[in-house]
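Coordinate analysis (summary)
Listed below, chain by chain, are the residues.
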Amino acid sequence: MRIRVLGCHGADCLVSTGDRPIRQESCGFLIDDSVLLDAGTIGVQLTLAEQRRIRVVLLSHLHFDHIKGLPLLADNLAEGFDTPVLVAATESVMQGLMEHVFNDKVYPNFFQLPDRNHPVFQAQILEPGKPVTMGHLDVIPVPVNHAVPTVGYVVKDQDAALLYSGDTYQTEDIWSVGRTTPNLKAAFIESSFPDELGALAKKSKHLTPSLFFKEFQKLGRPQLPVYAYHMKPAFKTQIQAEISRFEIEQVGFLREDQIITI
């Protein structure tokens, strides 16, 4: 399984460095060139040809930073697609997309355009806890603990599995599924705020480094490679330093343009 990081931060920001500014983008992960896990970043990282290879978009929840690339993907595909892109999400997320985004007011309804019988997007409702096959991948959406209805995902092919926490505060079910998943090769776990902003993290239902470590321990796989993501750009350096203090055997921090093969 090849995972290309299009965006992995909790907000978009242009960060000044010694040589050149670096873009930090909202969450979007492209699996095997054809399955997009969350849609915060698409077009600014993918060529038109690469966008046309996307066959499935898995959404974790309705928050803007996880869906904002979807309307412009539809625009880019509208004049040159053969079959609809499958947009898969839970019922509440899909209902929110239709009511608040693709409502012909905020944006055209590309679930019916350019033709109701041949739209750019096709909706598929996911049931939390129920496995579903998406092309060559098996996917399990698992409810997590966020401010709006949200799922994380366990994504599997024949050889490996990835755990994606989604935006979450302290939770249980996703770790239970992860503990019993054969060939689990990596976990992506969010950590949005530093420990000193624990009250804000609790109110907004996000993790801090201390909670990141506690949640990772629930997997019962101390040697599993784990990657922190969804770090707010303003606190990224502090979050990385705080996570690095914990004794985690294989911990990394996702970055744009990174490719992970599991």
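Coordinates for the structure precede this section.
Residue numbering note: each chain is counted from 1, following its sequence as written. Only residues with pLDDT of 70 or above have their local features reported here, since the model is predicted, and side-chain atom pairs are shown and tallied only from 80 upward, although totals for entire chains, interfaces and linings are computed over all residues. As a rule here, side-chain values come from all non-hydrogen atoms in the structure, and water together with hydrogens is ignored.

A few points about the sheet that holds strand 7 (residues 85-90)
- In this description, strands pair whenever DSSP reports at least two bridges between them. Secondary structure elements follow DSSP: runs of H or I of four or more residues count as helices, runs of E of two or more count as strands, with numbering from the N terminus. Strand order in this open sheet of 7 strands is 8-7-6-5-4-1-16, and the pairing throughout is mixed. Sheet topology places strand 8 (121-126) and strand 16 (259-261) at the edges, where each strand pairs with a single neighbour. Each neighbouring strand pair of the sheet contributes to a mean axis angle of 25 degrees, computed without reference to strand direction.
- Note that strand 1 (residues 2-7) and strand 4 (residues 28-31) share 4 bridges and pair antiparallel. Along strand 4, the bridge assignment pairs Ile-3 with Ile-31.
- We call two residues in contact when some of their heavy atoms are within 4.5 Å. In this analysis an axis means a line fitted to C-alpha atoms, helices contributing only their contacting stretch, and an angle means the value between N-to-C directions, from 0 to 180 degrees. Helix 2 (residues 70-77) contacts strand 6 (56-58), strand 7 and strand 8 of the sheet and is inclined by roughly 140 degrees relative to strand 8.
- Its contacts with the sheet place helix 3 (residues 91-100) against strand 7 and strand 8, and it is angled at close to 120 degrees to strand 7.

A closer look at the sheet that holds strand 13 (residues 184-190)
- Taken in spatial order, the 7 strands line up as 9-10-11-12-13-14-15 in an open sheet, and their pairing is mixed. The open sheet has two edge strands with one neighbour each: strand 9 (132-134) and strand 15 (251-253). On average, adjacent strands in this sheet sit at an angle of 25 degrees to one another, irrespective of strand direction.
- The pairing of strand 12 (residues 161-164) with strand 13 spans 4 bridges and is parallel. By the bridge assignment for strand 13, Ala-161 is matched with Leu-184.
- Packed on one face of the sheet, helix 6 (residues 209-217) meets strand 13, strand 14 (226-229) and strand 15 and runs near 145 degrees to strand 14.

Thoughts on the pattern of salt bridges
- We count a salt bridge whenever a side-chain nitrogen from Lys or Arg sits within 4 Å of a carboxyl oxygen from Asp or Glu. Under the definition given, this model contains 6 salt bridges.
- With its nearest N and O atoms 3.3 Å apart, the salt bridge here joins Asp-33 to Arg-2. Pair noted here: Asp-33 is in the loop between strand 4 and strand 5 (35-37) and Arg-2 is in strand 1, with a separation of 31 residues, a long-range link.
- Between Glu-25 and Arg-23 there is a salt bridge; the shortest N-O distance is 2.5 Å.
- Only protein chains enter the area calculation, which uses a 1.4 Å probe; residues under 20% of their type maximum are buried, those over 50% are exposed, and those in between are partly exposed. For Glu-25, a relative accessible area of 3% gives the class buried.
- Counted as one network, the salt bridges with shared partners bring together Glu-172, Glu-215 and Lys-218.

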